[in-house]
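So the chains spell out like this:
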2 protein chains.
Amino acid sequence: MTNVPPKEGPKVKKRLASKSLVIVNTGDGKGKSSSAFGVVVRAVAREWPVGVVQFLKSGKWQVGEEKVCRDILGVDWWAIGDGFTWDSKDINEDQAIAVSAWDQVKKIIAEDKYRLVVLDEITYPINWGWIDLDEVVSVINARPIKTNVVLTGRDAPQALIELADTVTEMRKIKHAFDNGTVAKKGIDY
Amino acid sequence: MTNVPPKEGPKVKKRLASKSLVIVNTGDGKGKSSSAFGVVVRAVAREWPVGVVQFLKSGKWQVGEEKVCRDILGVDWWAIGDGFTWDSKDINEDQAIAVSAWDQVKKIIAEDKYRLVVLDEITYPINWGWIDLDEVVSVINARPIKTNVVLTGRDAPQALIELADTVTEMRKIKHAFDNGTVAKKGIDY
């Protein structure tokens, strides 16, 4: 009989080592950015070139990750924001900075220099309409084959979730801030 | 009048910089451990002594974090597990190892040597009944005042959630594994 059914159906896809991944960390809980920096540590362990672009956090926060990643781990880092928007007096400047951060991302992805690119807190300028979502999707879709991309921020748009290989919602069960504790050096920044 | 009500009620607690925090990263999604290692990076940036005890992951996985944290960032690291249980042929050995990992934690917390202690994947041996939950709670409650503790793993028991200052559920929206992609060096380990 030529019509014998195969022993195993096509239900289970073959597991392939993909060339690169797109990871989205979203939700209202803690750990979106710190998880991205944990992945940076892993990438550095593999001697991958790593680039980080921060869309919102500024030097004012003296972010600990930046210091260690840049100075000790050799990560290229762009932090050109001037602070979270609720601290800002000039919303237009924030917008200009987010747009220039995105221009930087397009440049470094096109150069194919990094095996890991972190777009930290990019969802906010996308959701505020400062950066075009369709362009973000097409730049990531057209990226060099080995460029892994991690995107962080609350309220990730559906198009990013569809594009991504792995999406995690960091959901706040409770947060020390709610209980009157201030943001803590060494833990939160 | 002596009975004038205060302008502001007692509803908003005074924000105090707490001496230390307990953070729990739980849920079925990606980012529980990598977020802990992002916090390790921040702590190192503050020149805090950091100790990490891994309850499950083994040398077989050649975890990238261990290499970078130990060799480059100067973190003290104990990884005495012999692999995830579903790889294991000897469940009793796993149990003995988890118990000895917990003994190590009690020792380093009592010594007051570290400002950050990470108990990576500790929820599993707790939930399997290998480590006594009440003892974990009392050791963490009685810790030195400046010792921050991060605990990771799925299904964090309620007593840990109550004990913690900050709890995040990493909820899987989608994961590359589901789509047939194998765990990826530099990203997942």
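Residues numbered from 1 in each chain as written. Chains lettered and ligands numbered in written order. Predicted model: local features only at pLDDT ≥ 70, side-chain atom pairs only at ≥ 80, totals over all residues. Heavy atoms only, no water.

Colleague: So what exactly am I meant to see when it comes to the relation of the copies chain B and chain A here?
Modeller: Here the second copy of the chain follows from the first by a rotation about an axis and a shift along it. With an RMSD of 0.0 Å, the fit of chain B onto chain A corresponds to turning through 180° and sliding 0.0 Å along the axis. Each copy turns onto its partner about a two-fold axis. Rotation axis and chain B: the residue whose C-alpha lies nearest the axis is Ser35 of chain B, separated from it by 1.8 Å. (Least-squares fit on C-alpha atoms with pLDDT ≥ 70 in both.)

Colleague: Just to check I follow, could you spell out the pattern of salt bridges for this structure?
Modeller: Pairs can form between side chains of opposite charge once their charged atoms are near each other. For the structure shown, the criterion picks out 12 salt bridges over all chains. Connected through shared salt-bridge partners, Asp103, Lys106 and Glu135 of chain A make up one network. (Salt bridge = Lys/Arg side-chain N within 4 Å of Asp/Glu carboxyl O.)

Colleague: Any chance you could explain the confidence of the model for chain A here in plain terms?
Modeller: Interpretation of this model should avoid reading the predicted coordinates in detail wherever pLDDT is low. Residue and element names in this part refer to chain A. Mean pLDDT over chain A: 83, with 78% of residues reaching 70 or higher. This stretch, residues 8–15, has a pLDDT under 50; its non-local contacts, to residues over four places away or in other chains, come to six contacts. Every residue in residues 82–86 is under pLDDT 50, and counting partners more than four places away or in other chains gives 17 contacts. At the level of chain-chain contacts, confidence expressed as ipTM amounts to 0.76, with global pTM at 0.81. (pLDDT = per-residue confidence, 0-100. Contact = heavy atoms within 4.5 Å.)

Colleague: Is there a simple way to explain the packing of aromatic side chains in this structure?
Modeller: Under the criterion given, the structure shown has eight aromatic pairs over all chains. Centroid distance Tyr124 of chain B to Trp128 of chain B: 6.0 Å. Interplanar angle 40°. Geometry classified as tilted. The exposure class assigned to Trp128 of chain B is partly exposed, which follows from its relative accessible area of 38%. An aromatic cluster of at least three residues, connected via ring pairs, comprises Tyr124, Trp128 and Trp130 of chain A. (Phe/Tyr/Trp six-rings, centres within 6.5 Å; stacked < 30°, edge-to-face > 60°. Buried < 20%, exposed > 50% of the residue type's maximum accessible area, 1.4 Å probe, protein only.)

Colleague: Would you mind going over unusual backbone geometry with me for this structure?
Modeller: What is expected of a backbone is that most residues other than glycine have negative phi and most peptide bonds are trans. Residues and elements named next belong to chain A. The phi torsion at Asp112 lies on the positive side, around 55°, for a residue other than glycine. Even without being glycine, Asp155 reaches a positive phi, approximately 50°. Looking at the element boundaries, Asp155 is found in the loop between strand 5 (148–152) and helix 6 (158–163). The class for Asp155 is exposed, based on a relative accessible area of 60%. (Helix = DSSP H or I, 4+ residues; strand = E, 2+ residues; numbered from the N terminus.)

Colleague: For this particular structure, what's the right way to read helix 5 (residues 133–141) of chain B?
Modeller: Along an α-helix, a turn takes 3.6 residues, which lines up residues three or four apart on a common side. Three or more residues of helix 5 of chain B are buried, namely Val136, Val137, Val139 and Ile140 of chain B. All buried residues of helix 5 of chain B project into a common sector of 165° when viewed along the axis, lining one side. (Arc of directions from axis to C-beta.)

Colleague: Hey, could you run me through the side chain of Ser20 of chain B in this one?
Modeller: Of note, Ser20 of chain B is situated in the segment before strand 1 (22–26). At 2.9 Å, the side chain of Ser20 of chain B forms a polar contact with the side chain of Arg143 of chain B. Among the polar contacts made by the side chain of Ser20 of chain B, one reaches the main-chain carbonyl oxygen of Ile145 of chain B at a distance of 2.9 Å. Aside from chain neighbours lying at most four places away, what touches Ser20 of chain B is Lys184 of chain A together with Arg143, Ile145, Lys146, Thr147, Asn148 and Asp165 of chain B. (Polar contact = N/O pair within 3.5 Å; in protein donor to acceptor, adjacent residues only side chain to side chain.)

Colleague: Explain the pairing of strand 6 (residues 166–174) of chain A to me, please; I cannot follow it from the model alone.
Modeller: Each regular strand displays side chains that alternate between the two surfaces of the sheet. Across four bridges, strand 1 (residues 22–26) of chain A lies against strand 6 of chain A in parallel orientation. By the bridge assignment, Ile23 of chain A is partnered in strand 6 of chain A with Thr166 of chain A. Judged from the seven bridges that link them, strand 6 of chain A and strand 6 (residues 166–174) of chain B form a sheet pairing that is antiparallel. Across the sheet, Glu169 of chain A pairs through a bridge with Arg171 of chain B, a residue of strand 6 of chain B. (Pairing = 2+ DSSP bridges.)

Colleague: Please clarify how the interface of chain B and chain A should be interpreted in this entry.
Modeller: As a measure of interface size, the accessible area lost when the parts come together is often cited. Taken together, the contacts link 63 residues of chain B with 64 residues of chain A. In this assembly, chain B packs against chain A so that about 5,400 Å² is buried in total across both faces, 58% of it on carbon and sulfur atoms. Looking at the side of chain B facing chain A, the largest losses of area belong to Arg42, Arg46 and Lys174 of chain B, adding up to 15% of the total buried there. In this assembly, chain B and chain A are joined by two salt bridges. Across the pair Glu169 of chain A and Arg171 of chain B runs a salt bridge whose closest N-O atoms are separated by 2.6 Å. Counting every contact that joins chain B to chain A gives 18 residue pairs in polar contact (both at pLDDT 80 or more). Residue assignment for the side of chain B that touches chain A shows that the elements contributing at least two residues are helix 1 (32–45), helix 2 (64–72), helix 6 (158–163) and strand 6 of chain B. (Buried area = accessible area lost by both parts, 1.4 Å probe.)

Colleague: How should the side chain of Thr168 of chain B be read in this particular structure?
Modeller: Among the secondary structure elements, Thr168 of chain B is positioned in strand 6. For Thr168 of chain B, a relative accessible area of 1% corresponds to the buried category. Not counting residues up to four positions away in its chain, the partners in contact with Thr168 of chain B are Gly29, Lys30, Met170, Arg171 and Ile173 of chain A together with Val24, Asn25 and Thr26 of chain B.

Colleague: Can you walk me through the pairing of strand 1 of chain B in this structure?
Modeller: In terms of residue burial, strand 1 of chain B counts as a mostly covered element, since five of its five residues are buried. Burial along strand 1 of chain B is two-sided: Val22, Val24 and Thr26 of chain B facing one way and Ile23 and Asn25 of chain B facing the other are all buried.

Colleague: Can you walk me through the nonpolar core in this structure?
Modeller: Nonpolar side chains tend toward joint burial in soluble globular proteins. Among the nonpolar cores identified, the biggest contains 46 residues, and Val40 and Leu116 of chain A together with Val40 and Leu116 of chain B are the most heavily contacted of them. Among the elements of the structure, helix 1 (32–45), strand 2 (50–58), helix 2 (64–72) and strand 4 (116–120) of chain A together with helix 1, strand 2 (50–58), helix 2 and strand 4 (116–120) of chain B are those that each provide at least two residues to this core. Leave out the neighbours within four places in its chain, and Val40 of chain A touches Val50, Val52, Cys69, Val75, Leu116 and Val118 of chain A. (Core = buried A, V, L, I, M, F, W, Y, C linked by side-chain atoms within 4.5 Å.)

Colleague: Explain the environment of Arg42 of chain A to me, please; I cannot follow it from the model alone.
Modeller: Its location among the elements puts Arg42 of chain A in helix 1. When the C-alpha atoms of Arg42 of chain A and Glu121 of chain A are compared, they prove to be 20 Å apart, with 79 residues separating the residues in sequence. Ignoring any residue separated from it by four or fewer positions in sequence, one finds Arg42 of chain A in contact with Lys30, Ser33, Ser34, Glu65, Gly186, Ile187, Asp188 and Tyr189 of chain B.

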